[in-house]
Amino acid sequence: MSNYSYIALIPLLPLASFILLGLWGRKYFKTSAGIIGTASLLASTLLSLYAAYSYFFVDGKINGAYGKVEVLKYTWLQFSPGLSIDMGFLLDPISIMMIVVVSFVSLMVHLFSIGYMKGEERFATYYSFLGLFTFSMLGLVLSTNIFQIYIFWELVGVSSYLLIGFYYDRPSAVAAAKKAFIVTRFADFGFLIGILILGFYGGTLDFGTLLQRLTSIQSSEFISITRASFLGVSMLTWGLLLVFMGGAGKSALFPLHIWLPDAMEGPTPVSALIHAATMVVAGVYLVARLFPLFAMDDAALQVVAYAGILSALLAAIIACTQTDIKRVLAYSTMSQIGFMMFALGVSGYGESKGLGYTASMFHLFTHAFFKSLLFLCAGSIIHLVHSNDMKNMGGLRKLMPVTHFGFLIACLAISGIPPFAGFFSKEGILMATYESNKFIFFIALFTSALTAFYMFRLYFSIFWNKEASTEKTHHGEGSLSMKVPLIILTACSILAGFVPFSKLITTDGIPLEEHMNLLFSIAPVGLALLAILLAANLYKKANTRPQKLSQSLGTLYIAAKRKFYIDEVYLFITQKVVFNLIGRPAAWIDRNIIDGSVNLLATVTGKTSQGIKGLQSGSVQNYALYFFSGIAALAVIFIYLWK
Amino acid sequence: METVPLTHILFVSTALFCIGMYGLFTRRNLITMLMAIELILNSVNINFVAFNKYLYPYKLDGIFFVIFIITIAAAEAAVAIAIIINQYRTHQSIDVEDATELKF
């Protein structure tokens, strides 16, 4: 085993950049902030690539299976001899995969932002926030115990809040930041209770010990957690579902997804980093981290699977009707995360039953590349057009060849066209689903075709459709620092699918032989190609067919365009029900009863002191008189009344 | 030799105490008030000496108390006169009613 202590540097370098730029950025590094942030991230990325290399190919395997390595672990808070919160770094296949993804995408975003955010007033602040986010995300994936993950989980939420609300002079950005924070906070409330349940029954917060205790059927912890039940459901299921609620909030699963589309108010590179590639997959990562435990409980897995497929389908339908480019991408993210989730939900534990797990992690990996590419392309398009609305775009393919190429590749990848990255991971997911749940499989197939349709609707509307107006060409495609990340990510989107994932990441760490079934791929790829042709037919040239189609769909179209009224339902529940039935009575009680009793006490005290303040006359002889009367009274008491 | 009964002595000391109280509450001049306080203290001294003599003739506890009180009275007089001098410096008077600023 080689020494992995250098892992600590991977999250600490972005933290250093955050502190440096946060404290002194505005004064000393106003223009060099981008270089500093990018340099620290470059170092982190190289270190994590090195760690991945040495773990996967040199010495990670013990007896043919990838094991867990814990580095620099120390006890941070001791509750009782058995229960403590530790801090440390946990290395296993998924955390190594995540640090590579997070640091790499973050590096690309840092680089892209040098050009994109140039001339911004709070340039250094922006980079310090990016550093904070990267630090928290890396800390999250490297956490050794469930409480440490919770701490970083909240830190990630805070940095996401700061970055969504980066343009704080825009009311919509402030509202979006608040919404994202409140919705995810609400979900984290469930997460915390879940942690407490698992910690209480498991007697530990450490991942390794927890999983070991709660997955062996004979252990006393397992027996007590399955025996105990609440509302007819065992505590194991409750704990897992509540933890999943936290994951669903962060990963924008239905019905906690409402914050994600609004979060697009932040700068576009931030959307690429946080709301597409890294933070939103934290929920998937959490479920994967606790997967052996989820695999013990069918009910919880079913919930994961159905929440995933429902989100995937709903988001895909909504994405077909949106016109804001970033919102389409946001719904597409939500849909793809739904894919990862239900892949976990249909998976089992061990050997070939764990295909869904492998496929889910694979999709997480490839999705990070093509989705951040899509967002960065969207960023450079918005940079050129100064608008988010697809209607203001069109015919951009000649103006921005690099972006056009990158966007096309990313669209092909997300649609699952071979041989691009998304094809392999999506085939893996569909295959695993086909083998365990046919119902989910057919919905997934349909959703995957829808994905191809809305992505190419976006592609054709932006790059073809109509002629580009020439007035918009006052500056080109963007500086070199904006193009380089696009090119690198395009290369990744093409090549990432060839990573032999099932040899690296499996449920039990034992490498699996890959078996690709080409016949199976005919249906999904064929459907995707059909959907692309349909999109080309509708949107390649400006025509009236899309309007006619939407009119013929009638209410379904309107409902989808209005995002199925989910926001309205939330508004109704919060404003009409919660505010009126709980908020207003509580406010009344607060104002009248709580405040009233305090005010009463104050009034009584005030009145009394008004009455007796005359005693404090300032005249010495009065005081002497009181003194003597006091003595006389005491004398009377002691002589006559004290028996 | 005819001894003086205890009640007579107590009568003197009570009278002295009442005169002291009266002086303390009616006089406005600080020096007069200080003298009144000395009267009160001395009435207590007489009590101590008298009880010592009549109740425990072979002990000296009461006498010791008196000596203590005389000592403390001397110290108290020094402090009181210092206060009076300071009041005179700030208020140009030693009338107790001229110094009533410390109130509500």
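Residues numbered from 1 in each chain as written. Chains lettered and ligands numbered in written order. Predicted model: local features only at pLDDT ≥ 70, side-chain atom pairs only at ≥ 80, totals over all residues. Heavy atoms only, no water.

Our next topic: the overall build of chain B. Along its length, chain B carries 3 helices and 0 strands. Each helix and strand of chain B, ordered N terminal to C terminal, gives the series α-α-α. Expected size for 104 residues packed as a compact globule is a radius of gyration near 13 Å; at 17 Å, chain B overshoots this value by more than 25%. Here chain B holds 104 residues, and the buried ones make up 23% of them. Once the 6 positive and 8 negative side-chain charges of chain B are each reduced to a mean point, those two points are 2 Å apart. (Helix = DSSP H or I, 4+ residues; strand = E, 2+ residues; numbered from the N terminus. Rg over C-alpha atoms; globule rule 2.2 N^0.38 Å. Buried < 20%, exposed > 50% of the residue type's maximum accessible area, 1.4 Å probe, protein only. Lys, Arg positive; Asp, Glu negative; His and termini not counted. Charge placed at Lys NZ, Arg CZ, Asp CG, Glu CD.)

Moving on, we get to the side chain of S234(A). Residue and element names in this part refer to chain A. Looking at where S234 falls in the secondary structure, it is placed in strand β6 (residues 233-234). Using a relative accessible area of 17% as the deciding quantity, one classes S234 as buried. The residues contacting S234, other than those within four sequence positions of it, are I225, T226, A228, S229 and D297. (Contact = heavy atoms within 4.5 Å.)

Where interface size is quoted, it is often the accessible area lost as the parts come together. Along its sequence, chain A is organised into domain 1 (5-561) and domain 2 (567-608 + 617-641). In this structure, domain 1 of chain A and domain 2 of chain A have C-alpha centres spaced 54 Å apart. (Domains from an automatic or database assignment.)

A word on the UniProt feature "domain: NADH-Ubiquinone oxidoreductase (complex I) chain 5 N-terminal" (unreviewed entry) in chain A. Under the UniProt annotation, the feature "domain: NADH-Ubiquinone oxidoreductase (complex I) chain 5 N-terminal" (unreviewed entry) is placed at residues 76-127 of chain A. For residues 76-127 of chain A, the end-to-end C-alpha separation is 30 Å, with 56% helix and 21% strand making up the annotated structure. (UniProt positions renumbered as here; feature names shortened; annotations may be inferred.)

A separate point is the pattern of salt bridges. Enumeration over the complete set of coordinates arrives at 9 salt bridges over all chains. Its salt-bridge partner being E97(B), residue R28(B) comes within 3.3 Å of it at the nearest N-O pair. Taken together, the residues R28(B) in the loop between α1 (6-26) and α2 (30-55) and E97(B) in the segment after α3 (61-91) connect sequence positions 69 residues apart. Judged by relative accessible area, E97(B) falls into the partly exposed class, the value being 45%. Taken together, the shared-partner salt bridges in this structure form one network comprising E70(A), K73(A), D86(A) and D206(A). (Salt bridge = Lys/Arg side-chain N within 4 Å of Asp/Glu carboxyl O.)

In this section: the nonpolar core. All names here are of chain A. One finds F294, I381 and F407 to be the most contacted residues of the largest nonpolar core, which totals 193 residues. Tallying contributions element by element places helix α16 (residues 355-385) first for this core, with 18 residues. When sequence neighbours within four positions are dropped, the list of residues in contact with I381 reads I325, H386, M393, L396, M400, T403, F407, I462 and F463. In this structure, A312, L430, A444 and F520 belong to the second largest nonpolar core, which totals 17 residues. (Core = buried A, V, L, I, M, F, W, Y, C linked by side-chain atoms within 4.5 Å.)

What follows is about the UniProt feature "transmembrane region" (unreviewed entry) in chain B. Residues and elements named next belong to chain B. When the UniProt feature table is mapped onto this chain numbering, "transmembrane region" (unreviewed entry) sits at residues 6-25, 32-51 and 63-85. For residues 6-25, helix accounts for 100% and strand for 0%, while the C-alpha atoms at its two ends are 29 Å apart. Taken end to end, residues 63-85 is 100% helix and 0% strand, and its first and last C-alpha atoms sit 33 Å apart.

Our next topic: unusual backbone geometry. Residues and elements named next belong to chain A. The omega torsion of the bond from F254 to P255 falls at 0°, within 30 degrees of zero and hence cis. Here P255 is to be found in the loop between α9 (235-250) and α10 (259-262). In this chain, P418 is followed by P419 through a cis amide linkage whose omega measures 5°. Within the fold, P419 resides in the loop between α17 (401-415) and α18 (421-436). Look at A252: it is not a glycine, yet its phi comes out positive at around 55°.

Model confidence for chain B is summarised by a mean pLDDT of 90, while 98% of its residues fall at 70 or above. On the interface metric, ipTM, the complex scores 0.83, and its pTM is 0.77. (pLDDT = per-residue confidence, 0-100.)

Turning our eyes to something else, we now look at the packing of helix α15 (residues 325-345) of chain A against α16(A). All names here are of chain A. Orientation of α15 relative to α16, taken along the N-to-C sense of each, is 175°, at an axis distance of 9 Å. By the criterion of interaxial angle, the relationship of α15 to α16 is roughly antiparallel. Residues I325, K326, L329, A330, S332, T333, Q336, F339, M340, A343 and L344 of α15 touch α16, and the partners they reach there are G356, Y357, S360, H363, L364, H367, K371, L374, F375, A378, I381 and I382. Residues of the contact of α15 with α16, tallied by class, amount to 14 nonpolar, 7 polar and 2 charged. (Axes fitted to C-alpha atoms, helices over the stretch in contact; angles between N-to-C directions. Parallel < 35°, antiparallel > 145°, perpendicular 65-115°, else oblique. Nonpolar A, V, L, I, M, F, W, Y, C, P; charged D, E, K, R; others polar.)

Structurally, a disulfide amounts to a covalent bond that connects the sulfur atoms of two cysteines. Summed over all chains, the structure comprises 0 disulfides over all chains. Free of any disulfide, C411(A) has its nearest cysteine sulfur in C377(A), 8.6 Å distant. (Disulfide = S-S within 2.5 Å.)

So, about helix α1 (residues 9-28) of chain A. All names here are of chain A. Between its first and last C-alpha atoms α1 spans 24 Å; for 20 residues at 1.5 Å apiece the expected length is 28 Å, and the helix comes up short by more than 12%. The principal kink in α1, of about 50°, is found at G22. Every buried residue of α1 is accounted for by I10, P11, P14, S17, L21 and G25. Taken together, the buried residues of α1 touch α2 (33-59), β4 (84-91), α3 (93-116) and α4 (123-141). (Expected span 1.5 Å × (residues − 1). Bend = angle between axes of the 7 residues up to and from the residue.)

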